[in-house]
Amino acid sequence: MARIGASVYTSHVPAIGAAIDLGKTAEPYWQPLFEGFEFSKQWMKEHTPDVIFLVYNDHATAFSLDMIPTFAIGTAASFTPADEGWGPRPVPQVVGHPELASHIAQSVIQDDFDLTIVNKMDVDHGLTVPLNLMCGTPAAWPCAVIPFAVNVVQYPVPSGRRCFNLGKAVRKAVESYDAPLNVQIWGTGGMSHQLQGPRAGLINKEWDQRFLDRLIADPDGLAAMPHIDYVREAGSECIELVMWLIARGAMADVNGGPKPSVAHRFYHVPASNTAVGHLILENRQ
Ligand code: DHB
Ligand code: FE
């Protein structure tokens with residue numbers, strides 16, 4: 001059977017992608033940020049999974065106000081990096097895993113989560129920046145990726161509790177897939193950020209660190225946090241963090257197993273106008 005070996009959490013700031021694409025990663029502004037992912041890139045080489053179930057949000061690229069799926073699973077064989085206004089990023093095509101994606105859709109929908117099944121979708125910085133942070137800039141991504149897009153842009157967005165429970169359903173789906181695949185689940189977006197209005201640039205380091213603490217040690221309690229707390233304390237776009245609860249809900253300890261080990265934790269301000277948070281949690285086998 002397939003199993004979930006680890007979960008990865010990281011912000012996806014588009015300026016990080018631009019810094020990579022323009023060769024600026026060694027500049028003094030960016031160097032400390034990329035240094036924080038050196039461990040992660042090595043870890044990723046040593047723990048390359050067969051498939052990444054990558055929870056992210058689309059930023060009005062594949063979807064728009066015309067159509068707003070709350071949860072959308074990418075079932076295609078491949079996904080093209082999107083043109084977000086400056087031309088597509090020079091990153092590899094994302095190779096999907098239609099069989100596992102279809103199995104997860106089947107299982108999770110039968111478990112009462114309404115997924116939109118997407119057979120054609122371009123993927124924006126929400127998906128490609130985390131791949132760069134964890135994998136560097138290879139000629140091809142090292143494994144298959146199932147894109148799982150969550151609406152955290154246009155309210156109503158899903159609650160933390162619903163995301164956490166969805167993660168549990170994804171775990172059940174993966175564990176009932178009849179092939180010995182090693183799967184990682186990634187939660188991306190966040191942390192502190194507010195991109196517009198009088199509070200633009202708001203950063204709340206204490207709140208972000210507390211979120212990381214609770215994501216590790218008290219995910220069930222964290223899942224009860226209402227949207228207003230995210231938005232008031234750490235900015236309007238901080239609501240992207242509910243996606244991390246999907247990945248956390250898929251870990252062993254919240255499904256009757258042992259606590260995960262923390263392989264890596266990193267936090268850095270600033271990146272563009274926002275904070276960057278990062279965690280790697282491993283399931284003990
Ligand atoms: C920015 C955009 C994002 O989608 C995000 O998550 C963080 C920062 C930005 O435009 O700076
Ligand atoms: Fe974003």
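No experiment lies behind these values; they were computed from the predicted model shown. (Residues numbered from 1 in each chain as written. Chains lettered and ligands numbered in written order. Predicted model: local features only at pLDDT ≥ 70, side-chain atom pairs only at ≥ 80, totals over all residues. Heavy atoms only, no water.)

What the protein contains, in helices and strands, is ten helices and eleven strands. Dimensions of the protein, computed from the C-alpha atoms along their principal axes, are close to 50 × 40 × 40 Å. Looking at the protein residue by residue over its 285 residues, the buried ones come to 56%. Partitioning the intrachain contacts of the protein with sequence separation of at least 6 by distance along the chain shows that 80% fall at a separation of at least 24. Total accessible area computed for the protein in this model is approximately 11,500 Å², and 53% of it derives from carbon and sulfur atoms. Taking the 20 positively charged and 29 negatively charged side chains of the protein as two groups, their mean positions are separated by 6 Å. (Helix = DSSP H or I, 4+ residues; strand = E, 2+ residues; numbered from the N terminus. Buried < 20%, exposed > 50% of the residue type's maximum accessible area, 1.4 Å probe, protein only. Contact = heavy atoms within 4.5 Å. Areas by Shrake-Rupley, 256 points an atom, 1.4 Å probe, with all protein chains shown as cover. Lys, Arg positive; Asp, Glu negative; His and termini not counted. Charge placed at Lys NZ, Arg CZ, Asp CG, Glu CD.)

Glancing now at the packing of helix α3 (residues 38-46) against helix α5 (residues 125-135). Between α3 and α5, the least distance of the axes is 6 Å, while the angle of their chain directions is 85 degrees. In terms of axis orientation, α3 runs roughly perpendicular to α5. Residues Ser-40, Lys-41, Trp-43 and Met-44 of α3 touch α5, and the partners they reach there are Asn-132, Leu-133, Met-134 and Cys-135. Looking at the contact of α3 with α5 residue by residue, the class counts come to five nonpolar, two polar and one charged. (Axes fitted to C-alpha atoms, helices over the stretch in contact; angles between N-to-C directions. Parallel < 35°, antiparallel > 145°, perpendicular 65-115°, else oblique. Nonpolar A, V, L, I, M, F, W, Y, C, P; charged D, E, K, R; others polar.)

Turning next to the site of ligand 1. Taken together, His-12, Val-13, Pro-14, His-59, His-125, His-193, Leu-195, Glu-240, Ser-272 and Thr-274 make up all the residues around ligand 1. Within the contact set of ligand 1, an oxygen atom lies 2.8 Å away from a side-chain nitrogen or oxygen of His-59. Protein coverage of the free-state accessible area of ligand 1, which is 290 Å², stands at 83%. Structurally, ligand 1 is housed in the largest pocket. Counted by class, the shell around ligand 1 contains three nonpolar, six polar and one charged residues. (Near = heavy atom within 4 Å. Polar contact = N/O pair within 3.5 Å; in protein donor to acceptor, adjacent residues only side chain to side chain. 1 Å grid on protein atoms, 1.4 Å probe; cavity = no way out; pocket = protein on both sides within 12 Å on 5 of 7 lines; lining within 4 Å. Sits in = over half its atoms within 2 Å of the grid points.)

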